[in-house]
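Structural overview for review
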Amino acid sequence: MKEYTITVERTNNPKILKFETNHLLTKGKNYEFKNIDDAKNSPLAQQLFYLPFIKTVYISGNFIGLERYDIVEWDDVKGEVAQQLVEYLNAGEPIVNDDEDGQKEVYTVYAEVTPNPSVMKFVANKRIVPGIFEFKNIDEAKDSGLAKKLFQFPFIKEVFFDLNYVSITKYDVAEWEDITMELRELIRNYLTDGNEVVSVGAEAASKPGVSPNKEKSNTPTDLDDTSQEIVDILEEYVKPAVASDGGNILFQSYEEDSKTVNVILQGACSGCPSSTFTLKNGIETMLKNMMGDKINEVVAING
């Protein structure tokens, strides 16, 4: 019999904790249970719902994700929960009964704050788009069923997709605490129902010389050596950081006379109050350090 061990890992959501196991729990399927009735096909999830502070149970691959109510803090109960999970798994009890009807494979979606107070990032547990797509309004979203649904809310300003997440920009008329749950459920249900996020060949709004619908910026092929070096640095060092905040950066142009680099900010980075600081103290400083006197200034254009 397998012997299970548990490693507790924090997530970007302080209410959700991951209990990672050293053996697979499911065979390529992901489950989300909102209550004990919803968990009728998962004896493990039902057992967890007897804990009064458990709000949601996620079972996926080699981890169990648990969302708590505010009545407790994880630091006070995580040891007890981990021990209960170890005892349950090592007793050989069933995790999910796939042979029963009614339980379908689902996506899990977490909401994460970004440095931009107007933008929230909704992260799925699977890849949802092949590259980067940005929509400024419902007309631009004609090839994205999910974006069209989101734009039906009057407080949605922009929608940005990148691989496994959606960054949503809102108008000030709404507060995130009032709309986050509804948006999260809409996205999760849309994905779980098997709907296509963007149509094949869909194109988001783009700036001249760049196409956001690629995993890397579609910069011109005849770049000079300096411009190509800038692109390489942005791709390797900058893009992963801004993507983690729900945004994207694209190279626009390099002005040799003024030694100015023009970039495009998208998603959460576009219009972010802290983007100027990040640009000057992060990206500009990095390019100056790595490229010397070839760089004088970095200027951002909001996507």
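This text follows the structure it describes.
Now for a quick tour of the structure. Quick caveat: nothing in here was measured; it's all calculated off a predicted structure.

Some remarks on the overall build of the protein
Counting its secondary structure elements, the protein contains six helices and 13 strands. Burial status across the protein gives 50% buried among its 303 residues. Across the protein, the fraction of contacts at a sequence separation of at least 24, relative to all contacts at a separation of at least 6, is 60%. Per element, the accessible surface of the protein, about 15000 Å² overall, is 47% carbon and sulfur.

Examining the sheet that holds strand β2 (residues 16-21)
Strands sit in the order β1-β2-β5-β4-β3 across an open sheet of five strands; the sheet is antiparallel. Every other strand in the sheet has two partners, leaving β1 (6-10) and β3 (30-33) as the edge strands with one partner each. Between one strand axis and the next, the sheet turns through 20° on average, direction left out of account. Here strand β4 (residues 54-60) runs beside strand β5 (residues 63-68); their pairing, made up of six bridges, is antiparallel. If you follow Tyr-58 over to β5, its bridge partner there is Gly-65. Helix-sheet contacts for helix α2 (residues 74-90) involve β1, β2, β4 and β5, and the interaxial angle to β2 is about 30°.

A short note on the nonpolar core
Counting residues in hydrophobic clusters, the biggest one holds 31 residues, and the most contacted among them are Ile-128, Phe-161, Ile-168 and Leu-183. At the level of secondary structure, the elements contributing two or more residues to this core comprise β6 (109-113), β7 (119-124), β8 (132-135), α3 (145-150), β9 (156-162), β10 (165-170) and α4 (176-192). With residues near it in sequence (within four places) discarded, Phe-161 still touches Ile-128, Val-129, Gly-131, Ile-132, Phe-133, Phe-135, Ser-144, Leu-146, Ala-147, Val-166, Val-197 and Val-198. Ranked by size, the runner-up nonpolar core spans 30 residues in total, among them Phe-19, Leu-44, Leu-66 and Ile-95.

Focus: the layout of surface pockets
By volume, the largest pocket is sized at about 380 Å³. Lining the largest pocket are 19 residues, and of these Asn-13, Glu-67, Ala-111, Thr-180 and Met-181 sit closest to its centre. Listing elements by their share of the lining of the largest pocket, those giving two or more residues are β4, β6 and α4. Broken down by class, the residue content of the lining of the largest pocket amounts to ten nonpolar, three polar and six charged.

Quick notes on a negative patch on the surface
A grouping of Asp-224, Asp-225, Glu-255, Glu-256 and Asp-257 is seen on the molecular surface, where their side chains present a negatively charged patch. Residue placement: Asp-257 occurs in the loop between β11 (247-255) and β12 (260-267). With relative accessibility at 81%, the residue Asp-257 sits in the exposed group.

Examining the pattern of salt bridges
Overall, the coordinates contain 17 salt bridges when judged by the stated rule. One salt bridge in this structure joins Glu-20 and Lys-18, with 3.7 Å as the shortest N-O distance. Across the pair Arg-188 and Glu-32 runs a salt bridge, and its minimum N-O distance is 3.5 Å. Taken together, the residues span a long stretch of sequence, with Arg-188 in helix α4 and Glu-32 in strand β3 at a distance of 156 residues. When sorted by exposure, Arg-188 lands in the same class as Glu-32, which is buried. Three or more residues joined by partner-sharing salt bridges are found here, namely Glu-32, Lys-34, Arg-184, Glu-185 and Arg-188.

Notes on the side chain of Glu-67
Tracing the sequence through the fold places Glu-67 in strand β5. With no salt bridge to any partner, buried Glu-67 finds its closest opposite charge in Lys-55, at an N-O distance of 4.1 Å. Among residues more than four places away in sequence, those in contact with Glu-67 are Lys-15, Ile-16, Phe-53, Ile-54, Lys-55, Thr-56, Tyr-58 and Trp-74.

A word on the environment of Val-123
Tracing the backbone shows Val-123 in strand β7. The sequence separation of Val-123 and Tyr-165 amounts to 42 residues, and the corresponding C-alpha distance is 4.3 Å. In contact with Val-123, not counting residues within four places along its chain, are Thr-108, Val-109, Tyr-110, Glu-112, Asn-164 and Tyr-165.

Some remarks on the pairing of β4
When you tally the buried positions in β4, you get six out of seven residues, the bulk of the element. Relative to β4, β3 runs antiparallel, the two being bridged by four bridges. Note that in β4 the partner of Phe-33 across the bridge is Val-57. If you look at the hairpin formed by β4 and β5, you'll find two residues sitting between the two strands, and Gly-61 has a positive phi there, around 60°.

Brief notes about α2
In a regular helix each residue adds 1.5 Å, so 17 residues correspond to 24 Å; α2 covers 23 Å between its end C-alpha atoms and thus fits that length. Along α2, the residues classified as buried are Trp-74, Val-77, Val-81, Ala-82, Leu-85, Val-86, Tyr-88 and Leu-89. For α2, the secondary structure elements touched by its buried residues are β1, β2, α1 (43-48), β4 and β5.

Some thoughts on α4
The end-to-end C-alpha separation of α4 is 23 Å, in line with the 24 Å expected for 17 residues at 1.5 Å each. Among the residues making up α4, those that are buried are Trp-176, Ile-179, Thr-180, Leu-183, Arg-184, Glu-185, Ile-187, Arg-188, Tyr-190, Leu-191 and Thr-192. Just downstream of α4, Gly-194 is the residue with a positive phi angle, here 80°.

The rules behind each value
- Residues numbered from 1 in each chain as written.
- Predicted model: local features only at pLDDT ≥ 70, side-chain atom pairs only at ≥ 80, totals over all residues.
- Heavy atoms only, no water.
- Helix = DSSP H or I, 4+ residues; strand = E, 2+ residues; numbered from the N terminus.
- Buried < 20%, exposed > 50% of the residue type's maximum accessible area, 1.4 Å probe, protein only.
- Contact = heavy atoms within 4.5 Å.
- Areas by Shrake-Rupley, 256 points an atom, 1.4 Å probe, with all protein chains shown as cover.
- Pairing = 2+ DSSP bridges.
- Axes fitted to C-alpha atoms, helices over the stretch in contact; angles between N-to-C directions.
- Core = buried A, V, L, I, M, F, W, Y, C linked by side-chain atoms within 4.5 Å.
- 1 Å grid on protein atoms, 1.4 Å probe; cavity = no way out; pocket = protein on both sides within 12 Å on 5 of 7 lines; lining within 4 Å.
- Points joined across faces, edges and corners; volume = space filled by probe spheres on them.
- Nonpolar A, V, L, I, M, F, W, Y, C, P; charged D, E, K, R; others polar.
- Patch = residues over 30% accessible without salt bridge, like charges linked within 9 Å, V, L, I, M, F, W, Y side chains within 5 Å.
- Salt bridge = Lys/Arg side-chain N within 4 Å of Asp/Glu carboxyl O.
- Lys, Arg positive; Asp, Glu negative; His and termini not counted.
- Charge placed at Lys NZ, Arg CZ, Asp CG, Glu CD.
- Expected span 1.5 Å × (residues − 1).

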